[in-house]
Amino acid sequence: DTVTADTTSKWLCLSLREKFSPQLELGMFGGHAFVTQTRNPLTAGIELDGYHAGFSLHAIMIETARATLYGALDYTYQKVDHKSDTQTVVIDWSEPHAQLGVIVPLVKRLRFFGGGNYGYIDGEERASGTTNHTVGFKRDARAGGFLGLDLQTDIDGYVGLEAKSGLARSVEIYFKRRY
């Protein structure tokens, strides 16, 4: 129906990527997920928890000394729930996502990146107990953008900040290490 529930999802995530060629990385990721919603009477005042998992494909398309053009495809599945004596709520959804971006070195070890993204959400909410229902939900395909900065802390370590718009509006602080 036309009811909109703003959803906030927080993750604790582990991501692993394997380089298959100088331009191609395959990856998988997953971890714990926490979800809160507004304007949904079944989830008012509670935090649902569960997991998220997915896989990714990252490709460097053009690389020069001044800039790197790259693309990425990700697929994420999330499932969260909350159970009490009188009510159980389970929400799960999938989220395919594509991104095209550019990385520009600013000064030694500091780089700027940005670009565009595109994705959609398809999911289902199931409730049993005091209220019983199954409701499908979708977030139509949406385009957006992203910007970020990261600092190389040593030969294989990074710390950074990234802001996104579009399907998911988010700000991410990350710590990465390559092995």
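**Student:** Account for the overall build of the protein, with residues named and values stated.
**Tutor:** What the protein contains, in helices and strands, is 0 helices and 9 strands. Each helix and strand of the protein, ordered N terminal to C terminal, gives the series β-β-β-β-β-β-β-β-β. Here the C-alpha coordinates of the protein stretch approximately 60 × 30 × 25 Å along the principal axes. When burial is assessed residue by residue, the protein has 30% of its 179 residues classed as buried. Total accessible area computed for the protein in this model is approximately 11500 Å², and 59% of it derives from carbon and sulfur atoms. Charged side chains in the protein number 19 positive and 21 negative. The centres of these two groups are separated by 7 Å.

**Student:** Can you explain the side chain of Ser56? Please cite residues and give values.
**Tutor:** Relative to the elements of secondary structure, Ser56 occurs in strand 3 (residues 48–63). Overall, the relative accessible area of 7% leaves Ser56 in the buried class. Other than its neighbours up to four places away in sequence, Ser56 contacts Glu25, Leu26, Gly27, Phe29, Leu73 and Asp74.

**Student:** Give a description of the nonpolar core that names residues and reports values.
**Tutor:** Ala33, Val35, Leu42, Leu48, Val80, Val89, Ile91, Trp93, Ile121, Ala127 and Leu167 together form the largest nonpolar core, which totals 11 residues. Contributing elements (two or more residues each) for this core: strand 2 (24–37), strand 5 (87–107) and strand 6 (110–129). Considering each element in turn, this core owes the most residues, 3 residues, to strand 5. With sequence-adjacent residues up to four places away left out, Leu42 is seen in contact with Gln87, Val89, Glu125, Ala127, Thr131 and His133. By size, the runner-up hydrophobic cluster in this structure holds 5 residues, among which are Tyr70, Ile103, Phe113 and Phe146.

**Student:** Run through the pairing of strand 9 (residues 170–177), naming residues and quoting values.
**Tutor:** Examined bridge by bridge, strand 8 (residues 157–164) and strand 9 share 8 bridges and lie antiparallel to one another. Considered in strand 9, the bridge of Lys164 is made with Ser170.

**Student:** An account of a nonpolar patch on the surface is requested, with residue identities and associated values reported.
**Tutor:** Taken together, Leu14, Leu16, Met28, Phe55 and Tyr75 make up a surface patch of nonpolar side chains, about 530 Å² in accessible area. Position of Phe55 relative to the elements: it lies in strand 3. We classify Phe55 as exposed; its relative accessible area is 52%.

**Student:** Outline the sheet that holds strand 2, supporting the account with residue identities and numerical values.
**Tutor:** Strand order in this open sheet of 9 strands is 1-2-3-4-5-6-7-8-9, and the pairing throughout is antiparallel. Only two strands of the sheet have a single neighbouring strand rather than two, namely strand 1 (7–21) and strand 9. Each strand of the sheet is rotated relative to its neighbour by a mean of 20°, with strand direction disregarded. Two strands pair when backbone bridges link them, and strand 2 and strand 3 are joined in this way by 12 bridges, in the antiparallel orientation. Bridge pairing in strand 3 links Val35 to Leu48.

Rules used throughout
- Residues numbered from 1 in each chain as written.
- Predicted model: local features only at pLDDT ≥ 70, side-chain atom pairs only at ≥ 80, totals over all residues.
- Heavy atoms only, no water.
- Helix = DSSP H or I, 4+ residues; strand = E, 2+ residues; numbered from the N terminus.
- Buried < 20%, exposed > 50% of the residue type's maximum accessible area, 1.4 Å probe, protein only.
- Areas by Shrake-Rupley, 256 points an atom, 1.4 Å probe, with all protein chains shown as cover.
- Lys, Arg positive; Asp, Glu negative; His and termini not counted.
- Charge placed at Lys NZ, Arg CZ, Asp CG, Glu CD.
- Contact = heavy atoms within 4.5 Å.
- Core = buried A, V, L, I, M, F, W, Y, C linked by side-chain atoms within 4.5 Å.
- Pairing = 2+ DSSP bridges.
- Patch = residues over 30% accessible without salt bridge, like charges linked within 9 Å, V, L, I, M, F, W, Y side chains within 5 Å.
- Salt bridge = Lys/Arg side-chain N within 4 Å of Asp/Glu carboxyl O.
- Axes fitted to C-alpha atoms, helices over the stretch in contact; angles between N-to-C directions.

In short, shape yes, function no, at least from these values alone.
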